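Residue-level listing of the chains:
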Amino acid sequence: MINEILTISGKPGLFKLLTRGRGALIVENIDETKKRLPIQATDKIVGLGDISIFTDDKEMPLRLVFQAIEDKFGKKAVEFDYKKSADDKLCKFFGEIIPDYDRERVYPSHMRKIFSWYDLLVKYGENDFSDPAAAAAQAAEEKPAE
């Protein structure tokens, strides 16, 4: 679930929250190493579920951006060289996925980070971009009455 995936300032890549320890979070690196490490309260930690991008009229949760990318490419990596492409081509490509993104406040560096996160999540099987609130409501409806 996307709410359990974290980005930590000063550390490359993404991390999966495993458990909360005394004064620290225990996370696992989302890559081939699967290295586990404690993250102290002094580190700046942001869950991907808390990140949004600006659109022309509102903010769009990153989960929905990932779903839009998934709708375009399926459950596979982005078929565009976003790392080396020129900024204008990258913006045009991002506009095909999210047509109403705010062109003044969403920078090419943000787009590259979104695509790299998406590729990382898909590569290592962490690509459940469903809405956690909707999933909880559906689970409550399916639970038999006692």
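Residues numbered from 1 in each chain as written. Predicted model: local features only at pLDDT ≥ 70, side-chain atom pairs only at ≥ 80, totals over all residues. Heavy atoms only, no water.

What follows concerns unusual backbone geometry. Residues other than glycine seldom take positive phi values, yet Lys34 does so here, at roughly 55 degrees. The topology assignment puts Lys34 in the loop between β3 (24-29) and β4 (36-40). (Helix = DSSP H or I, 4+ residues; strand = E, 2+ residues; numbered from the N terminus.)

Running from amino to carboxyl end, helix α1 (residues 62-73) crosses helix α2 (residues 87-97) at an angle of 90 degrees, the nearest separation of the two axes being 9 Å. Here α1 is positioned roughly perpendicular relative to α2, judged by the angle of their axes. Between α1, through Val65, Ala68, Ile69, Lys72 and Phe73, and α2, the contact on the second element is made entirely by Phe93, Phe94, Glu96 and Ile97. Residues of the contact of α1 with α2, tallied by class, amount to 7 nonpolar, no polar and 2 charged. (Axes fitted to C-alpha atoms, helices over the stretch in contact; angles between N-to-C directions. Parallel < 35°, antiparallel > 145°, perpendicular 65-115°, else oblique. Contact = heavy atoms within 4.5 Å. Nonpolar A, V, L, I, M, F, W, Y, C, P; charged D, E, K, R; others polar.)

Summed over the entire model, instances satisfying the criterion amount to 9 aromatic pairs. Ring geometry for Tyr82 versus Phe115: centroids 5.5 Å apart, planes at 40 degrees, classification tilted. Taken together, the residues span a long stretch of sequence, with Tyr82 in the loop between α1 and α2 and Phe115 in helix α3 (residues 108-123) at a distance of 33 residues. Overall, Phe115 belongs to the buried group, its relative accessible area being 0%. Pairing Phe93 with Phe115 gives two aromatic rings, centres 5.5 Å apart and planes at 50 degrees, and the pair type is tilted. You can see Phe93 sitting in helix α2 and its partner Phe115 sitting in helix α3, a full 22 residues away along the chain. (Phe/Tyr/Trp six-rings, centres within 6.5 Å; stacked < 30°, edge-to-face > 60°. Buried < 20%, exposed > 50% of the residue type's maximum accessible area, 1.4 Å probe, protein only.)

Before going further, it helps to spend a moment on the side chain of Asp31. Tracing the chain through its elements places Asp31 in the loop between β3 and β4. There is no salt bridge for the buried Asp31, and the closest opposite charge comes from Lys34, which lies 6.7 Å off by N-O distance. A distance of 2.5 Å separates a polar atom in the side chain of Asp31 from a polar atom in the side chain of Thr33. (Lys, Arg positive; Asp, Glu negative; His and termini not counted. Salt bridge = Lys/Arg side-chain N within 4 Å of Asp/Glu carboxyl O. Polar contact = N/O pair within 3.5 Å; in protein donor to acceptor, adjacent residues only side chain to side chain.)

Remember that the coordinates give geometry; whether it matters functionally is a separate question.
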